[in-house]
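# Structure at a glance
Given next are the chains, with one letter for each unit.
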Amino acid sequence: MTFALFQQTPAAGPPGWTQFVFIGGMGLMFYFLLIRPQSKARKEMEARLSKLKAGDEVVLSSGLYATIDRVEDKHIWVKLGSSVVKARRTAVASLATEPETKQN
């Protein structure tokens, strides 16, 4: 009698395709919550940096407000007070005239 109890087959689990559906759902969630917004923000920033011109007032990533004196390929020359300093284009965080975005 006890020997017959040990020969029972275990209950079947969920089908194998459900794991693929779960992994696919996680991939879609990562794409829509992480990858897509980040690439969209990067494209907007690249477009903003390509439109820089002399005379624009910008905020640098260091927090300083500066006025662009001249624009080169990868660098910009900015006026900080009475001096002109060379900086990389990527140092520009935003235009000073842009409205601030709300942070939660």
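The rules behind these values
Position numbers for residues start from 1 in each chain and track the written sequence from start to end. Local features in this predicted model are restricted to residues of pLDDT 70 or higher, and side-chain atom pairs are both shown and tallied only at a pLDDT of 80 or more, whereas totals for entire chains, interfaces and linings draw on every residue. Calculation of side-chain values draws on the structure's entire complement of heavy atoms; hydrogens and water are dropped beforehand. Helix and strand assignments follow DSSP, with helices taken as H or I runs no shorter than four residues and strands as E runs no shorter than two, numbered in order from the N terminus. Burial classes: relative accessible area under 20% of the type maximum marks a residue as buried, over 50% as exposed, and values in between as partly exposed (1.4 Å probe, protein chains only). Surface accessibility in these figures is a Shrake-Rupley result with a 1.4 Å probe; residues are shielded only by whichever protein chains are displayed. Each salt bridge in this description consists of a side-chain nitrogen of Lys or Arg and a carboxyl oxygen of Asp or Glu lying within 4 Å of one another. By the counting scheme adopted, Arg and Lys are positive, Glu and Asp are negative, and His together with the chain ends is not counted. Residues adjacent in sequence count toward polar contacts only when both atoms are side-chain atoms; beyond that, a polar contact is any pair of N or O atoms within 3.5 Å, and within protein one must be able to donate a hydrogen and the other to accept it. Here, strands pair whenever DSSP counts at least two bridges between them. Helix axes are fitted only over the stretch in contact, all axes being lines through C-alpha atoms; the angle between N-to-C directions runs from 0 to 180 degrees. By definition in these notes, contact holds between two residues if any of their heavy atoms fall within 4.5 Å. Among the buried residues, those of types Ala, Val, Leu, Ile, Met, Phe, Trp, Tyr and Cys that are joined through side-chain atoms within 4.5 Å form a nonpolar core.

Bringing the overall build of the protein chain into the picture now. Broken down by element type, the protein chain carries 2 helices and 5 strands. Reading the protein chain from its N end, one meets helices and strands in the order α-α-β-β-β-β-β. Buried positions account for 14% of the 104 residues belonging to the protein chain. For the protein chain, the accessible area works out to roughly 8800 Å², and carbon and sulfur atoms hold 61% of it.

Under the criterion given, the structure shown has 4 salt bridges. The salt bridge involving glutamate 46 is made with arginine 42; its shortest N-O contact spans 3.4 Å. Of this pair, glutamate 46 and arginine 42 both sit in helix H2 (residues 17–50), separated by 4 residues, roughly a single helical turn. Using a relative accessible area of 45% as the deciding quantity, one classes glutamate 46 as partly exposed. The salt bridge partner of aspartate 56 is lysine 53, with a shortest N-O separation of 3.2 Å.

As a further point, take the side chain of arginine 89. Within the secondary structure layout, arginine 89 lies in the loop between strand S4 (83–88) and strand S5 (92–95). Despite its burial, arginine 89 pairs with no opposite charge, the nearest such side chain being aspartate 73 at 6.1 Å. A distance of 2.5 Å separates a polar atom in the side chain of arginine 89 from the backbone oxygen of leucine 49. Here the side chain of arginine 89 touches aspartate 73 through a polar contact of 3.2 Å, landing on its backbone oxygen.

Attention now goes to the sheet that holds strand S3 (residues 75–80). The strand order across the open sheet formed by 5 strands is S4-S3-S2-S1-S5, and the pairing between neighbours is antiparallel. Taken across any chain shown, the strands that pair with only one partner, and hence form the sheet edges, are S4 and S5. The average angle at which neighbouring strand axes cross in this sheet is 45°, direction not considered. Relative to strand S2 (residues 65–71), strand S1 (residues 57–60) is paired through 3 bridges, and the arrangement is antiparallel. Its bridge partner lying in S2, valine 58 is registered against alanine 66.

This part is about the environment of valine 59. Within the secondary structure, valine 59 sits in strand S1. Along the primary structure valine 59 and valine 92 are separated by 33 residues, whereas in three dimensions their C-alpha atoms are 6.0 Å apart. If we skip the residues at most four places from it in the chain, valine 59 touches Leu64, Tyr65, Ala91, Val92, Ala93, Ser94 and Ala96.

In this structure, Leu49, Leu52, Val58, Leu60, Ala66, Ile68, Ile76, Val78, Ala87 and Val92 together form the largest nonpolar core, which totals 10 residues. Residue assignment for this core shows that the elements contributing at least two residues are S1, S2 and S3. Setting aside residues up to four positions removed in sequence, leucine 49 forms contacts with Arg89, Thr90 and Val92.

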